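Fold and contact review
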Amino acid sequence: MASTISQIKQQVNQIGQQATSTAGQLAQLASNLGKNVAVINSAIGGTASGEDKTMAEAFQQASKAVNDAVNALQQAGQAAKEWAARA
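First things first, this report covers the structure right here in the doc. No experiment lies behind these values; they were computed from the predicted model shown.

Some thoughts on helix 2 (residues 51–86)
An ideal rise of 1.5 Å per residue puts 52 Å on 36 residues; helix 2 measures up with 53 Å between its terminal C-alpha atoms. Buried within helix 2 we find Asp52, Ala56, Ser63, Val66, Val70, Gly77, Ala80 and Ala84.

As structure tokens, then:
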């Protein structure tokens, strides 16, 4: 029984570490998306068709969604770590 609990703790801890690692990678992606908004505005800002605004808004929404995912993964990773420490 103790062996089974130890295995479960190890699995939960690994999942938590993966969540934290993925959160770091996604944070970089969110940063890159944010930088792309500036590039878009610099390259095609002020177009009469408004495509620049549409594209910039899409990148901003994607960046927000990725940041939300980062926060969720960080919380999941922390919860897994805390559970494994108590179990």
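Structure's up, so let's keep going.
Things to note about the environment of Val70
Mapped onto the elements, Val70 comes out in helix 2. Put simply, Val70 and Thr22 are 48 residues apart on the chain and 7.8 Å apart in space, counted from C-alpha to C-alpha. Those residues in contact with Val70 that lie beyond four places of it in its chain are Ala23, Leu26 and Ala27.

Some thoughts on the nonpolar core
Within the largest apolar cluster, five residues are counted, these being Ala23, Ala30, Leu33, Val66 and Val70. Mapped by element, the contributors of at least two residues to this core are helix 1 (2–44) and helix 2. Per-element accounting of this core gives the leading share, three residues, to helix 1. Among residues more than four places away in sequence, those in contact with Ala23 are Val70, Leu73 and Gln74.

Digging into the pattern of salt bridges
Throughout the structure, instances matching the rule amount to one salt bridge. Lys64 serves as the salt-bridge partner of Asp68, at 2.9 Å between the closest nitrogen and oxygen. Highlighted residues: Asp68 and Lys64, both in helix 2, separated by four residues, approximately one helical turn.

What counts, and at which threshold
- Residues numbered from 1 in each chain as written.
- Predicted model: local features only at pLDDT ≥ 70, side-chain atom pairs only at ≥ 80, totals over all residues.
- Heavy atoms only, no water.
- Helix = DSSP H or I, 4+ residues; strand = E, 2+ residues; numbered from the N terminus.
- Expected span 1.5 Å × (residues − 1).
- Buried < 20%, exposed > 50% of the residue type's maximum accessible area, 1.4 Å probe, protein only.
- Contact = heavy atoms within 4.5 Å.
- Core = buried A, V, L, I, M, F, W, Y, C linked by side-chain atoms within 4.5 Å.
- Salt bridge = Lys/Arg side-chain N within 4 Å of Asp/Glu carboxyl O.

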